[in-house]
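In case you want the letters, here they are:
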Amino acid sequence: MALTLFSRRAANRALQSSSYVSVRSFSTPVNDSFLPSSNAPPPPPPEALSSSVLRDAVNTAAPRHDWTKDEIRELYNMPLMELAFQSGTLHRRFHRPAAIQMCTLMNIKTGGCSEDCSYCAQSSRYNTGLKATKMSPVDSVLEAARIAKSNGSTRFCMGAAWRDMRGRKTSLKNVKAMVEGVRGMDMEVCVTLGMIDQAQADDLASAGLTAYNHNLDTSREHYPSVITTRSYDERLQTLSHVRQAGINVCSGGILGLGETPEDHVGLLHTVSTLPAHPESFPVNALVPIKGTPMGDKLPEGKRPIPFDAILRTIATARLVMPATIIRIAAGRTTMSEAEQILCFSAGANAVFTGEKMLTTEAVGWDEDKAMFQRYGLVPMKSFERGGLRETKWAEVKAAVAGAESAQPAAVVAAV
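Residues numbered from 1 in each chain as written. Predicted model: local features only at pLDDT ≥ 70, side-chain atom pairs only at ≥ 80, totals over all residues. Heavy atoms only, no water.

What about the pairing of strand β4 (residues 155–160)?
Moving on, step 1. Of all 6 residues in β4, 6 are buried; the element is thus mostly enclosed.
Moving on, step 2. Neither face of β4 is open: one carries Arg155, Cys157 and Gly159, the other Phe156, Met158 and Ala160, and all of them are buried.
Moving on, step 3. Relative to β4, strand β3 (residues 99–109) is paired through 6 bridges, and the arrangement is parallel. Bridge pairing in β4 places methionine 106 opposite methionine 158.
Moving on, step 4. Two strands pair when backbone bridges link them, and β4 and strand β5 (residues 188–192) are joined in this way by 5 bridges, in the parallel orientation. The partner of phenylalanine 156 across the bridge, within β5, is valine 189. (Buried < 20%, exposed > 50% of the residue type's maximum accessible area, 1.4 Å probe, protein only. Helix = DSSP H or I, 4+ residues; strand = E, 2+ residues; numbered from the N terminus. Pairing = 2+ DSSP bridges.)

As for the pairing of strand β10 (residues 325–328)
Moving on, step 1. Neither face of β10 is left uncovered, since the one carrying Ile325 and Arg327 and the one carrying Ile326 and Ile328 both have all their residues buried.
Moving on, step 2. Pairing between strand β9 (residues 280–285) and β10: 4 bridges, direction parallel. For valine 283, the partnering residue across the bridge sits in β10 and is isoleucine 328.

Overview of the packing of helix α3 (residues 69–76) against helix α11 (residues 307–320)
Moving on, step 1. Relative to each other, α3 and α11 sit at 130 degrees, their axes nearing to 9 Å. Judged by the inter-axis angle, α3 sits oblique to α11. The interaxial crossing formed by α3 with α11 has right-handed handedness. Contacts between α3 and α11 involve Ile72, Leu75 and Tyr76 from the former and Ala309, Arg312, Thr313, Thr316, Leu319 and Val320 from the latter. (Axes fitted to C-alpha atoms, helices over the stretch in contact; angles between N-to-C directions. Parallel < 35°, antiparallel > 145°, perpendicular 65-115°, else oblique. Left-handed = near helix turned anticlockwise from the far one by under 90°. Contact = heavy atoms within 4.5 Å.)

Some thoughts on the packing of aromatic side chains
Moving on, step 1. The final tally for this structure, using the stated rule, is 1 aromatic pair.
Moving on, step 2. Relative to tyrosine 232, the ring of tyrosine 223 has its centre 5.2 Å away and its plane inclined at 70 degrees; by these criteria the two rings are edge-to-face. Neither residue differs from the other here; tyrosine 223 and tyrosine 232 are each classed as buried.
Moving on, step 3. The side chain of arginine 64 reaches across the aromatic face of tryptophan 67, ending 3.9 Å from its centre.
Moving on, step 4. The ring centre of tyrosine 76 lies 5.8 Å from the NZ or CZ of arginine 312, which sits over that ring. (Phe/Tyr/Trp six-rings, centres within 6.5 Å; stacked < 30°, edge-to-face > 60°. Lys NZ or Arg CZ within 6 Å of the ring centre and 35° of its normal.)

A look at unusual backbone geometry
Moving on, step 1. You will see that aspartate 217, though not glycine, has its phi angle at about 75 degrees, which is positive.
Moving on, step 2. By relative accessible area, aspartate 217 is classed as buried at 2%.
Moving on, step 3. One non-glycine residue, phenylalanine 383, adopts positive backbone phi at about 65 degrees.
Moving on, step 4. Summarising the element assignment, phenylalanine 383 is placed in the loop between β13 (378–379) and α14 (393–402).
Moving on, step 5. Given the relative accessible area of 29%, phenylalanine 383 is considered partly exposed.

Concerning α3
Moving on, step 1. All buried positions along α3 are accounted for by Glu71, Ile72, Leu75 and Tyr76. For α3, the arc enclosing every buried residue in end-on projection is 135 degrees, short of the 170-degree limit, so these residues lie on one face.
Moving on, step 2. Its buried side turned inward, α3 meets α2 (52–58), α4 (80–94), α9 (261–272) and α11. (Arc of directions from axis to C-beta.)

Describing the pattern of salt bridges
Side-chain pairs of opposite charge can arise whenever the charged atoms involved come near each other.
Moving on, step 1. Under the counting rule described, the total for this entry stands at 16 salt bridges.
Moving on, step 2. Among the salt bridges present, the one from arginine 64 reaches glutamate 71, with a minimum N-O distance of 2.9 Å.
Moving on, step 3. In this structure, arginine 155 engages glutamate 279 in a salt bridge whose closest nitrogen and oxygen atoms are separated by 2.7 Å. Within this pair, whereas arginine 155 is found in strand β4, its partner glutamate 279 is found in the loop between α9 and β9, the two being separated by 124 residues in sequence. Like arginine 155, the residue glutamate 279 is buried in the burial classification.
Moving on, step 4. Through salt bridges that share partners, Arg64, Asp66 and Glu71 make up one connected network. (Salt bridge = Lys/Arg side-chain N within 4 Å of Asp/Glu carboxyl O.)

So, the environment of methionine 78
Moving on, step 1. Turning to its location among the elements, methionine 78 is positioned in the loop between α3 and α4.
Moving on, step 2. The exposure class assigned to methionine 78 is buried, which follows from its relative accessible area of 8%.
Moving on, step 3. For methionine 78 and leucine 54, which are 24 residues apart along the polypeptide, the C-alpha to C-alpha distance reads 9.4 Å.

With respect to the side chain of histidine 264
Moving on, step 1. Counting through the fold element by element, histidine 264 comes out in helix α9.
Moving on, step 2. For histidine 264, a relative accessible area of 5% corresponds to the buried category.
Moving on, step 3. Setting aside anything within four residues of it in sequence, one finds histidine 264 in contact with Tyr76, Leu255, Glu259, Ile305, Ala309 and Thr313.

Structural notes on the side chain of glutamine 340
Moving on, step 1. Looking at the element boundaries, glutamine 340 is found in helix α12 (residues 337–346).
Moving on, step 2. A relative accessible area of 5% places glutamine 340 in the buried class.
Moving on, step 3. When sequence neighbours within four positions are dropped, the list of residues in contact with glutamine 340 reads Ile328, Arg332, Met335 and Met371.

Topic: the confidence of the model for the protein chain
Moving on, step 1. For the protein chain, per-residue confidence averages 82 on the pLDDT scale, and 77% of positions sit at 70 or higher.
Moving on, step 2. Low pLDDT (under 50) marks residues 387–394, which in the prediction has 13 contacts with non-local residues, meaning those over four places away or in another chain.
Moving on, step 3. Note that pLDDT drops below 50 for residues 403–415; the model gives that stretch 25 contacts with residues more than four away or on any other chain. (pLDDT = per-residue confidence, 0-100.)

Printed below as a string of structure tokens:
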């Protein structure tokens, strides 16, 4: 006999009374031959349901900024299948689940950096065979942006291997021209130029910059074993300048730097307790470069970070930063298609795509288009999420409170 699971009203009553936010109404009959015998004892409730931390996270109507390390650690250490399921469910309340932001990252100034980041091929301190170049001409950068747009990318990112922007007035002028040109194509535009001061951030904002990337890389505790030429607080200061200028903050981390899971917790705690969550959170897996300390340390053929740690970090990031774009960044070429889909299901909703990602290989546009078609994914529209500000959350809360008969995925869709 066929069985209909829930009426819409019953499903929503179940939603309001349960710590799961995944209950949905169904009208499709199911084969009840797969259901357990009526004589069988009911299965015990999942252990995760007893967690008030998880319950609060998955039922939130707005981002919060008072996470404790203990709370984040509890989420991070949950059974992975449950963690990924719950984060994916929350993701569908805050984002269009099939939409993936396609970003293309171009190196506009390669190599010659004075920093000692132990993973980076562009440091002048390491012999990686990379040749330093001057800054790319504005016209060639804009042509690269046009090619990216024609292939479906909606965010164009530009990186320059500099410690900071001090004494680079001409370079800043050229970067502003690039920003204005890309915005003129109706694309989002992001730059990463090292440390910037408030005046420089304001200058970039006046040109129409969408986002500024400045990764924290890892936890505060592990950071000194990775970089010594720039402090953690200097990185946070740059993020503050970017926020004050009204530019979206893009800041994430690199997994596989010899850190522990506790460092993943520490990184997530730092970004989730900022005055405003990053608009985007890139999750990078180390790409080992021979000649760098990190690249030389890793045994040949060994994966720098196990996939389960990547998935766990993405899922936890989604729970503690529900409105943030989570980007699968460096290292995606080492992931299988199935692993990428698991990341999307758990809450990732952006990728870097194109010919290159700074100095490393990227998954190409054609490959991504084919994957999108197979799984029913679609490119995120320009500015689909970047314009959302926390001033909107009062409207979201009102929508949640008044949507007794609405499915969870529809609550935020109208915002």
